[in-house]
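Tertiary structure, described
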Amino acid sequence: MTAWLAIAPVLVVIVTGTVALLVRRWPRLQRTVSVTGTLAYAAAVGALSWEVALAPDASGIAYQLGGWVAPFGITLVADALSAFMLAITAVVAVYAVVFSVQFIDEQNQRVYYYPLFQFLLLGATGALLTGDLFNLFVWFEVMLMASYVFVAFYGNARHTAAAVRYVVLNIVGGAIMLLGIGGLYATTGTLNMADMAVQLADPATNTAPVVGLSALVFVTFALKAGLVPFQFWVPSAYRAAPLPVVAVFAGATKKVGIYAIVRLYFTVFGNTSIGVDVPGVAGDTALTFLGPILLVMGLASVLVGGLGAVSRDSLEELLAYSSIGQIGFIAVAVGVAALTPSLRHLGIVAGLIFALHHAVSKGLLFLSTAVVRDMVGSTRLSNLGGIGERSPTFASVFLVGGLSLVGIPPLAGFFGKLFVFEAATRQFASAAGDTTATASAALILAVLFAGAVLTILYATRAWIGTFWGAQTEGVKSGVLDGTQVAILATFAVVVLAVGAGFEPVYQFADAAAEAALDTDGYVEIVGLGGENA
């Protein structure tokens with residue numbers, strides 16, 4: 001009976017998107033359908049999270065579409081890891097769609113905005129629940145097709161150019177991903193991730209090609225996450241898309257790339273012995289090859305994103321580059337987990353908690369930027385100033401998001417940074433006696449510290465440039481939407497609540513990390529050959 005919960009979020013989004021499309025001639029009804037459907041989606045995710053992660057007898061569940069048993073049919077798998085990521089997605093989606101009602105003008109709302117929003121949500125949800133690699137590609141494409149339209153949504157030359165770059169880059173990424181998936185299928189004879197884990201554990205399977213083939217898939221995941229050197233699409237896409245959608249891009253869809261890395265490499269490939277020697281890499285599993293690469297990409301992202309954010313003159317660009325830097329912190333935590341077996345659980349917990357923090361904090365800040373644009377008509381810092389005098393409440397909302405991004409206790413960001421630095425510090429301690437390993441661990445800590453300092457600098461610059469100083473003419477004459485501010489005030493309370501009530505958040509993340517590392521448990525949930533049917 002509970003197996004239906006695994007498909008419930010997908011069904012809710014499909015129904016909501018379809019109905020929103022059918023009632024497009026009645027804008028008020030369409031808005032009501034989209035908001036109500038997204039709230040129902042959040043309720044379905046909440047019920048699923050309780051069942052698979054938070055209940056005293058929680059356990060993962062699988063739904064076999066059409067009654068075809070795994071590995072022959074399409075399987076949706078819900079465990080604590082997928083539920084944690086779905087919960088992040090649901091929170092951001094609810095606030096984004098409710099805010100859209102107030103922010104997106106009525107004419108643009110009628111241009112398929114709400115159906116597209118639901119299909120964007122559908123792609124992310126399907127990717128987080130799918131149990132096989134090919135359907136992971138399919139759900140990525142569903143998510144990206146909606147994203148393409150949103151990047152080109154306003155239709156002028158700048159938005160069209162951003163959309164073309166975005167489309168070309170992701171088409172290339174999709175082709176590379178298909179090559180990797182085809183090679184893995186040729187190697188293992190299956191696309192089902194649980195069955196693939198079983199096949200790779202079989203000594204009779206030739207695992208040598210897995211390193212190169214998984215690297216092809218990894219490139220696409222890194223592209224979706226916006227990690228350096230695949231970050232070029234992020235600033236232009238974030239400037240072009242509607243800001244409520246950008247909140248979903250930063251808070252949810254980029255995290256799907258990180259989720260895919262964790263699921264594939266830790267759950268599926270984690271215990272696979274790879275018969276390939278790479279100079280300078282100790283160990284013979286896929287994780288030992290992933291770790292150094294992910295660490296380099298993560299550290300580069302921290303620096304590129306931080307330095308880029310410090311030098312930007314508009315809030316959208318500042319926050320876009322900030323997202324590159326913040327995703328780097330998540331990648332570093334996951335890289336530490338891959339490289340150091342004793343820190344595997346801690347590293348994943350750190351990455352998940354930081355992902356949650358970034359989703360809610362950056363979502364709040366992007367939506368706050370939308371309020372500024374709606375009020376002043378610009379988000380350039382040179383055109384802003386003194387908004388705090390106009391609305392102390394709005395200034396407080398933005399301040400909560402900025403302080404959380406910096407990592408001030410007891411906000412959500414404090415715990416995100418705390419766990420990432422703890423993982424890096426423990427790696428440094430475990431490297432004692434090995435000069436090369438100690439130097440590498442020290443470099444990781446140094447870059448993370450630099451990233452934290454850069455975060456303080458650009459968050460302070462955004463706050464002072466927007467809310468302090470004399471009011472510009474645009475601020476003086478602008479009309480602040482009180483309803484928008486009220487919506488964001490409740491979002492700020494969520495950011496506060498994640499930090500103040502951190503214990504259940506940690507328990508959820510802890511269960512998610514356990515699920516990511518429990519390959520046998522994942523295989524048991526899927527029930528190969530109908531074992532759990």
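Residues numbered from 1 in each chain as written. Predicted model: local features only at pLDDT ≥ 70, side-chain atom pairs only at ≥ 80, totals over all residues. Heavy atoms only, no water.

**A short note on a nonpolar patch on the surface**
A cluster of nonpolar side chains, namely Leu21, Val111 and Tyr112, defines an oily patch on the protein surface of about 230 Å² accessible area. On the secondary structure map, leucine 21 appears in helix α1 (residues 4-22). Judged by its relative accessible area of 31%, leucine 21 falls in the partly exposed class. (Patch = residues over 30% accessible without salt bridge, like charges linked within 9 Å, V, L, I, M, F, W, Y side chains within 5 Å. Areas by Shrake-Rupley, 256 points an atom, 1.4 Å probe, with all protein chains shown as cover. Salt bridge = Lys/Arg side-chain N within 4 Å of Asp/Glu carboxyl O. Helix = DSSP H or I, 4+ residues; strand = E, 2+ residues; numbered from the N terminus. Buried < 20%, exposed > 50% of the residue type's maximum accessible area, 1.4 Å probe, protein only.)

**Structural notes on the packing of α1 against helix α5 (residues 113-129)**
At a minimum axis separation of 8 Å, α1 and α5 run at an interaxial angle of 165°. Put simply, α1 runs roughly antiparallel to α5. Of the two possible hands of crossing, α1 and α5 adopt the one that is left-handed. Side by side, α1 and α5 meet where Ala6, Pro9, Val10, Val13, Ile14, Thr16, Gly17, Thr18, Ala20 and Leu21 of the first sit next to Tyr114, Pro115, Gln118, Phe119, Leu121, Leu122, Thr125 and Leu129 of the second. Per-class residue counts for the contact of α1 with α5 are 13 nonpolar, five polar and no charged. (Axes fitted to C-alpha atoms, helices over the stretch in contact; angles between N-to-C directions. Parallel < 35°, antiparallel > 145°, perpendicular 65-115°, else oblique. Left-handed = near helix turned anticlockwise from the far one by under 90°. Contact = heavy atoms within 4.5 Å. Nonpolar A, V, L, I, M, F, W, Y, C, P; charged D, E, K, R; others polar.)

**Re the packing of aromatic side chains**
Scanning all chains against the criterion turns up 27 aromatic pairs. Taking 5.7 Å as the distance between ring centres and 80° as the angle between the ring planes, the aromatic pair formed by tyrosine 238 and phenylalanine 366 counts as edge-to-face. Residue tyrosine 238 is found in helix α10 (residues 233-240), and its partner phenylalanine 366 is found in helix α14 (residues 344-376); the two are separated by 128 residues along the sequence. Of the two residues, tyrosine 238 and phenylalanine 366, both sit in the buried class. Within the aromatic cluster, the residues linked to one another by ring pairs are Tyr148, Tyr166, Trp233, Tyr238, Phe249 and Phe366. The ring of phenylalanine 329 carries the charged tip of lysine 417 above its face, separated from the ring centre by 5.2 Å. (Phe/Tyr/Trp six-rings, centres within 6.5 Å; stacked < 30°, edge-to-face > 60°. Lys NZ or Arg CZ within 6 Å of the ring centre and 35° of its normal.)

**Remarks on the side chain of asparagine 170**
Looking at where asparagine 170 falls in the secondary structure, it is placed in helix α7 (residues 157-188). Judged by its relative accessible area of 2%, asparagine 170 falls in the buried class. A polar contact is formed between the side chain of asparagine 170 and the backbone oxygen of tyrosine 166, at a distance of 2.8 Å. Excluding residues that lie within four positions of it along the chain, asparagine 170 makes contacts with Leu144, Tyr148, Leu223 and Lys224. (Polar contact = N/O pair within 3.5 Å; in protein donor to acceptor, adjacent residues only side chain to side chain.)

**Comments concerning the environment of alanine 338**
Tracing the backbone through its elements, the reader meets alanine 338 in helix α13 (residues 315-339). You can call alanine 338 buried: its relative accessible area is 0%. For alanine 338, the contacting residues outside a window of four places in its chain are Phe266, Leu287, Thr288, Leu290, Gly291 and Arg344.

**Notes on the nonpolar core**
If you look at the biggest cluster of nonpolar residues, it comprises 198 residues, and the most contacted ones within it are Tyr238, Tyr265, Phe266 and Phe269. Here the element with the most residues in this core is α14; it accounts for 20 residues. Excluding residues that lie within four positions of it along the chain, phenylalanine 266 makes contacts with Ile261, Leu287, Leu290, Val334, Ala337, Ala338, Arg344, Ile348, Ala516, Leu517 and Thr519. (Core = buried A, V, L, I, M, F, W, Y, C linked by side-chain atoms within 4.5 Å.)

**Observations regarding the pattern of salt bridges**
This structure, assessed with the given rule, holds six salt bridges. When the shortest N-O distance is used, the salt bridge between glutamate 316 and arginine 373 registers 1.9 Å. One end of the pair, glutamate 316, is in helix α13; the other, arginine 373, is in helix α14, and 57 residues separate them in sequence. Glutamate 316 sits in the buried class, given a relative accessible area of 6%.

So far we have only geometry, and geometry alone does not tell us how the molecule works.
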